[in-house]
Amino acid sequence: MNHDLRAELDLVAEASIAALRAPSILNSQPWRWRLNGDQAELWADRSRQLTGLDPDGRLLLLSCGAALNHAVVTLRAAGYSAAVGRRPDPAHPDLVARFGRGECVAADALAEAIERRHTDRRPFGDERPGEAVLEELREVAGRHGVHLQIIRDEQVTAFAAAVAHAGEIERDDARFRTDLRTWTNRAHGDGVTGQSVVATTRRTVAPRDFALKAGLAAGTGTDRGTVYALFVTDGDEPRDWLAAGEALSEVWLTLTARGLAASPISEVVEVPGVRLALRRLLGGVGNPAVAMRIGVPVQETRPPATPRRSPSATLTAG
Ligand SMILES: Cc1cc2nc3c(=O)[nH]c(=O)nc-3n(C[C@H](O)[C@H](O)[C@H](O)COP(=O)(O)O)c2cc1C
């Protein structure tokens, strides 16, 4: 095999493997990669869809979007743009993207944040993230056609009430409880374990109740400086959910590179009535795809890395 072609194939495979570190709903990693010549195909894996919590596959596609963006960012670190065809085949809606090497570009260092990014559910510090970095995050989301809307101070109480209400509805619903049970404490390189979960203390916005014994100390943060943001899309179709996932990933990697930390909040979009209420809170414009808390971490130690499936379980060749 010609040397350049080998290098090209390796880059695409390497990007698909790096995408394994992407965040996903309940760490379900609902994707498969098929390496095909100098291209890779990203497929949604419906067998990993959370049927109670995510019947429409919104969060599944958001998670796939995060994986796709991790691959794009990895390729960029090697000095190439990615040639991406999103949802290229109407006959196969689960083919999320075709992905290959694009043109040469200036390499950037964002991929270094992939290993450092974690869901940090601990309370953040008193200091608020600076306006300049928030503006940068808005711009990063905008590149994916997604609006990053910071929830204004006077809206935070209504937002917190929406999160709490969604949590109560989910606790009372057997389908949600089944998803939680299925995707926690697994021994398959996926799912959420107690190691990354903090005890539920009084917080401005309550963290998700995973019904797990908390293994991570909450620390001394107060969340006083924490910013709450919404990823908002113009449409509410699979292509919008995919774009929201790409934006979520690149915003998260960027804020990690700037020394900030974050955790997503998706209960508010999982419960349809609460998603509608949130839309009204935004003035009825746009569709909230997922929320995120962003702040200045208090502790120097990062939360532990969460498990991942092996490349051999997620990648096939040909
Ligand atoms: C679409 C999406 C929704 C998520 N929703 C929540 C959530 O509501 N609460 C939460 O604590 N974490 C949430 N997460 C974070 C995942 O649980 C986390 O990414 C996964 O467990 C892997 O851990 P890591 O991000 O530390 O690698 C979400 C992640 C994604 C991509």
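Residues numbered from 1 in each chain as written. Predicted model: local features only at pLDDT ≥ 70, side-chain atom pairs only at ≥ 80, totals over all residues. Heavy atoms only, no water.

### Comments concerning the domain arrangement of the protein
Okay, so step 1: Once the domains are mapped, the protein shows domain 1 (3-115 + 308-317) and domain 2 (118-295).
Okay, so step 2: For domain 1 and domain 2, the distance between their C-alpha centroids amounts to 22 Å.
Okay, so step 3: On the side of domain 2, 36 residues touch domain 1, which itself brings 34 residues to the contact.
Okay, so step 4: Buried surface at the junction of domain 1 and domain 2, both sides included, amounts to about 2900 Å², of which 65% is carbon and sulfur.
Okay, so step 5: Our enumeration of links across domain 1 and domain 2 arrives at four salt bridges.
Okay, so step 6: For Asp190, the salt bridge is made with Arg48, and the minimal N-O distance between the two is 2.9 Å.
Okay, so step 7: Our count for the contact surface shared by domain 1 and domain 2 stands at 14 residue pairs in polar contact (both at pLDDT 80 or more).
Okay, so step 8: At the level of secondary structure, the elements contributing two or more residues to the side of domain 1 that touches domain 2 comprise helix 2 (58-77) and helix 3 (113-116).
Okay, so step 9: If one sorts the elements of the side of domain 1 that touches domain 2 by residue count, helix 2 sits on top with 12 residues.
Okay, so step 10: Grouping the constituent residues of the side of domain 1 that touches domain 2 by class yields 16 nonpolar, nine polar and nine charged. (Domains from an automatic or database assignment. Contact = heavy atoms within 4.5 Å. Buried area = accessible area lost by both parts, 1.4 Å probe. Salt bridge = Lys/Arg side-chain N within 4 Å of Asp/Glu carboxyl O. Polar contact = N/O pair within 3.5 Å; in protein donor to acceptor, adjacent residues only side chain to side chain. Helix = DSSP H or I, 4+ residues; strand = E, 2+ residues; numbered from the N terminus. Nonpolar A, V, L, I, M, F, W, Y, C, P; charged D, E, K, R; others polar.)

### Considerations on the environment of Ala158
Okay, so step 1: Tracing the sequence through the fold places Ala158 in helix 5 (residues 156-171).
Okay, so step 2: With relative accessibility at 37%, the residue Ala158 sits in the partly exposed group. (Buried < 20%, exposed > 50% of the residue type's maximum accessible area, 1.4 Å probe, protein only.)

### Focus: unusual backbone geometry
Okay, so step 1: A positive phi is found at Gln29, a non-glycine position, where the angle reads about 45°.
Okay, so step 2: For Gln29, the location among the structural elements is in the loop between helix 1 (3-18) and strand 1 (31-36).
Okay, so step 3: Even without glycine at this site, Asn185 takes up a positive phi of about 50°.
Okay, so step 4: Position of Asn185 among the secondary structure elements: in the loop between helix 6 (174-182) and strand 6 (227-233).

### Overview of the packing of helix 2 against helix 7 (residues 238-257)
The axes of two packed helices give the description: the angle between them and the distance between them.
Okay, so step 1: Between helix 2 and helix 7, the shortest axis-to-axis distance is 7 Å and the interhelical angle comes to 50°. Relative to helix 7, the element helix 2 lies oblique. Remark: the crossing between helix 2 and helix 7 carries right-handed chirality. For the pair helix 2 and helix 7, the contacting residues are Arg58, Leu61, Leu62, Cys64, Gly65, Ala66, Leu68, Asn69, His70, Val73 and Arg76 in the first and Pro238, Trp241, Leu242, Ala244, Gly245, Glu246, Ser249, Glu250 and Leu253 in the second.
Okay, so step 2: Across the contact of helix 2 with helix 7, the residue classes tally to 11 nonpolar, five polar and four charged. (Axes fitted to C-alpha atoms, helices over the stretch in contact; angles between N-to-C directions. Parallel < 35°, antiparallel > 145°, perpendicular 65-115°, else oblique. Left-handed = near helix turned anticlockwise from the far one by under 90°.)

### What to know about the packing of aromatic side chains
Okay, so step 1: Tallied over the entire structure, the rule returns two aromatic pairs.
Okay, so step 2: Summarising the aromatic geometry, the rings of Trp33 and Phe99 are spaced 5.9 Å apart at their centres and angled 70° between planes, so their arrangement reads as edge-to-face. Residue Trp33 is located in strand 1, and its partner Phe99 is located in strand 4 (residues 95-104); the two are separated by 66 residues in the primary sequence.
Okay, so step 3: Aromatic side chains Phe159 and Tyr228 sit 5.9 Å apart centroid to centroid with 45° between the ring planes, which places their arrangement in the tilted category. With a gap of 69 residues between them, Phe159 in helix 5 and Tyr228 in strand 6 connect regions that are remote in the sequence. (Phe/Tyr/Trp six-rings, centres within 6.5 Å; stacked < 30°, edge-to-face > 60°.)

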